[in-house]
Amino acid sequence: AYALLNDCKPREIIPYLAAQLLATFAASFTALAIHGHPLADPPLTPRTFDLVPTLLAELTFTFALVLVIMNVALRQPGNQHYGLAIAATVLAGILAVGNISAAAFNPAVLLAFDLINFATPADLWPHLLAQLTAATAAVLAFKAMTKPAP
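Just so it is clear, the model here is predicted, and its values are computed rather than measured.

1. Brief notes about helix α2 (residues 51-75)
Taking 1.5 Å of rise per residue, 25 residues should cover 36 Å, and α2 covers 35 Å from first to last C-alpha, within 8% of that figure. Residues of α2 that are buried in the fold lie against α3 (82-101) and α5 (121-146).

2. Quick look at the packing of aromatic side chains
A complete count under the given rule lists 2 aromatic pairs for this structure. Centre to centre, the rings of phenylalanine 113 and phenylalanine 118 are 4.7 Å apart; their planes meet at 50 degrees, and the pair counts as tilted. We classify phenylalanine 113 as buried; its relative accessible area is 11%.

3. Looking at the confidence of the model for the protein chain
For the protein chain, the mean per-residue pLDDT works out to 84, and 85% of the residues sit at or above 70. Mean pLDDT in the protein chain bottoms out at helix α1 (residues 10-35), which sits at 78, and peaks at α3, which reaches 93.

4. Considering the packing of α2 against α3
With their axes 10 Å apart at the nearest point, α2 and α3 run at an angle of 180 degrees to one another. Judged on the interaxial angle alone, α3 and α2 are roughly antiparallel. Between α2 and α3, the residues in contact are Pro53, Thr54, Ala57, Glu58, Phe61, Ala64, Leu65, Val68, Ile69 and Val72 and Tyr82, Ala85, Ile86, Thr89, Val90, Ala92, Gly93, Ala96, Val97, Ile100 and Ser101, respectively. Of the residues belonging to the contact of α2 with α3, the class tally is 16 nonpolar, 4 polar and 1 charged.

5. A short note on the environment of alanine 134
Mapping alanine 134 onto the fold places it in helix α5. On the basis of relative accessible area, alanine 134 is assigned to the buried category, the value being 1%. In this structure the C-alpha to C-alpha distance between alanine 134 and alanine 64, which are 70 residues apart in sequence, comes to 8.4 Å. Here alanine 134 is in contact with Glu58, Leu59, Thr62 and Phe63, once residues within four sequence places are set aside.

Quick notes on the rules
- Residues numbered from 1 in each chain as written.
- Predicted model: local features only at pLDDT ≥ 70, side-chain atom pairs only at ≥ 80, totals over all residues.
- Heavy atoms only, no water.
- Helix = DSSP H or I, 4+ residues; strand = E, 2+ residues; numbered from the N terminus.
- Expected span 1.5 Å × (residues − 1).
- Contact = heavy atoms within 4.5 Å.
- Phe/Tyr/Trp six-rings, centres within 6.5 Å; stacked < 30°, edge-to-face > 60°.
- Buried < 20%, exposed > 50% of the residue type's maximum accessible area, 1.4 Å probe, protein only.
- pLDDT = per-residue confidence, 0-100.
- Axes fitted to C-alpha atoms, helices over the stretch in contact; angles between N-to-C directions.
- Parallel < 35°, antiparallel > 145°, perpendicular 65-115°, else oblique.
- Nonpolar A, V, L, I, M, F, W, Y, C, P; charged D, E, K, R; others polar.

Right, dumping it as structure tokens:
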């Protein structure tokens, strides 16, 4: 989303993505260490998701999350309540649609779902489609909301 806003330089994107991937692997392997390997006996059965409810759930709450993040991070520098605003949005999403889409709201979470055998890549494409669409829509909404008055 920040790349779409032109708020970050291309050389900043690669380290950010690398950090996201590293955190995803670390979290996935920590979960496996705590809960056991998915190939253990009994194996974890990958979850399946209903297409339309998953698309709507991920679209709605990814849009809300990205819009909240951009508003508190870019419009109000020095805001000490940004963490609470972001956490409240994530919690609302988890409570509202966690049982529908597993409340991923982030492509890095989708990778973790695959790594721990929570879902198969074939079942995760609606999440990714909704997340990318929602993030783009949130950037456009943010730009429209913050455009200087004529």
